[in-house]
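Read off the chains here:
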Amino acid sequence: MTKLMLRALGGETLDTPPIWMMRQAGRYLPEYRATRARAGDFLSLCYNPELAAEVTLQPIRRFGFDAAILFADILLVPQALGADLWFVTGEGPRLSTISGARDMARLKPADDIDDRLSPVYQTLRLLSEELPRDTTLIGFAGAPWTVATYMVAGRGTKDQGPAHQLKDQDRATFVALIDLITEATIHYLSRQIEAGADVVKLFDSWAGSLKGRDFDDFAVEPARRIIQELKHRHPSVPIIAFPREAGQRYVGFAHATGADCVALDNSVSAEWAAANVQVDGCVQGNLDPRHMVTGGPDLVAEAQRITRSLRNGPHIFNLGHGITPDADPDNVARMIDAVRTA
Ligand code: CP3
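Reading the values: rules and limits
- Residues numbered from 1 in each chain as written.
- Predicted model: local features only at pLDDT ≥ 70, side-chain atom pairs only at ≥ 80, totals over all residues.
- Heavy atoms only, no water.
- Helix = DSSP H or I, 4+ residues; strand = E, 2+ residues; numbered from the N terminus.
- Polar contact = N/O pair within 3.5 Å; in protein donor to acceptor, adjacent residues only side chain to side chain.
- Contact = heavy atoms within 4.5 Å.
- Near = heavy atom within 4 Å.
- Areas by Shrake-Rupley, 256 points an atom, 1.4 Å probe, with all protein chains shown as cover.
- Nonpolar A, V, L, I, M, F, W, Y, C, P; charged D, E, K, R; others polar.
- Pairing = 2+ DSSP bridges.
- Axes fitted to C-alpha atoms, helices over the stretch in contact; angles between N-to-C directions.

**Q** Tell me about the side chain of His 315, and name the residues and values.
**A** Relative to the helices and strands, His 315 is located in strand S9 (residues 315–319). In terms of polar contacts, His 315 uses its side chain to reach the backbone carbonyl oxygen of Gly 285, at 3.0 Å. Sequence-distant contacts of His 315, defined by excluding residues within four places in its chain, comprise Ala 8, Pro 17, Pro 18, Gln 278, Cys 282, Val 283, Gln 284, Gly 285, Ile 306, Thr 307 and Leu 310.

In structure tokens form, the structure reads like this:
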């Protein structure tokens, strides 16, 4: 019996799509908040294999999703490369910044990250033992551009201005940073697969701020390099790419990068995606996460419209971005029911 999600990723058109949610282990769940309190803080939770596996399993037990996503963060890779990282409650991540060659020289080589990241691999090993047999285990990393935006600015930014500035004013440093993250990501995802991940996903949350040639050079090309090398090492492991807010650039993205599936944000319509993106293979998405807060008949109608629009090709049902802390867990159960009865 092949896992439902792996069938969709292999290109099968299914009667009912597999379902999971970005940030499905998170602050909207009381059991997550309790475990996070036991760990002390968010990063201690990420680096504690027993507790990280526990929070990964919580939404599977509660909702019976078809996939579990490793509990970790895209910013663990910069930390493993030598950046300082901490989280400010209510604000988000803070990192030491990269502004030139001198900062780059302080970072570690791409393959010297396992000491720091070995607890993540251990989390995956625990999960591959503990998950129900039909639940797919997803590993992940941030895509180089998105990770670079945090490493350059030292925090989240609205327009990724500091990273654009480095790209335009000190190209050599910027390209060296993208190359380092690309190599580290290949190493990291390869280790995740060896530890038990069935699928890996590349999160390029800020891909939408790259335009024209920059999109080709810093969203498409690093993803293509990562996917090509992972396919060489692990030919049977599917890869999902999420170039968030790529808009028209979603068209042909799977083909250009070798991704088995493209994840869609909620700024594109499912009907458009069926005609323009799903023609190349599996797509994942794309319910607006706000419905998980507001619920009601709109939630059911939208979940069913997306399911029906993408029903003539391979589809994995998901949100267009992460579920937010103010979401109502009962709406998650309603969404799953709506998709399975569409
Ligand atoms: O999806 C999952 O359930 C798996 C775990 C996961 C987390 N972060 C846990 C997390 C994944 C896949 C991520 C990816 C991630 N992290 C991205 C890419 C996806 C996206 O959301 O666009 C980015 C940009 C980050 C960086 C990051 N981590 C930020 C900007 C923040 C602060 C914003 C926030 O939501 O608080 C985080 C913190 C974070 N990562 C939380 C979780 C559950 C909240 C931490 C807490 O418990 O306080």
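**Q** For the site of the ligand, give the residues involved together with the corresponding values.
**A** Contacts to the ligand come from 22 residues, most closely from Arg 23, Tyr 32, Arg 36, Asp 73 and Ser 205. Here an oxygen atom of the ligand and a side-chain polar atom of Ser 205 are 2.5 Å apart. Between His 321 and the ligand, the recorded distance is 2.7 Å, taken from a side-chain N or O atom to an oxygen atom. Bound to the protein, the ligand loses 87% of the 860 Å² it would expose on its own. By residue class, the composition of the shell around the ligand is 15 nonpolar, 3 polar and 4 charged.

**Q** Explain the sheet that holds strand S6 (residues 239–243) residue by residue, including any values.
**A** The strands making up a sheet associate through hydrogen bonds between their backbones, and the pairing can be parallel or antiparallel. Spatial ordering of the open sheet is given by S1-S4-S5-S6-S7-S8-S9, a layout of 7 strands whose pairing is parallel. Since the sheet does not close on itself, it has two edges, and those belong to strand S1 (67–69) and S9, each with one partner. Sheet twist, expressed as the mean angle between neighbouring strand axes with direction ignored, is 25°. Across 2 bridges, the pairing between S6 and strand S7 (residues 261–263) is parallel. Opposite Ile 240, over in S7, you have Cys 261 as the bridge partner.

None of the figures reported here should be taken as evidence of function without further support.
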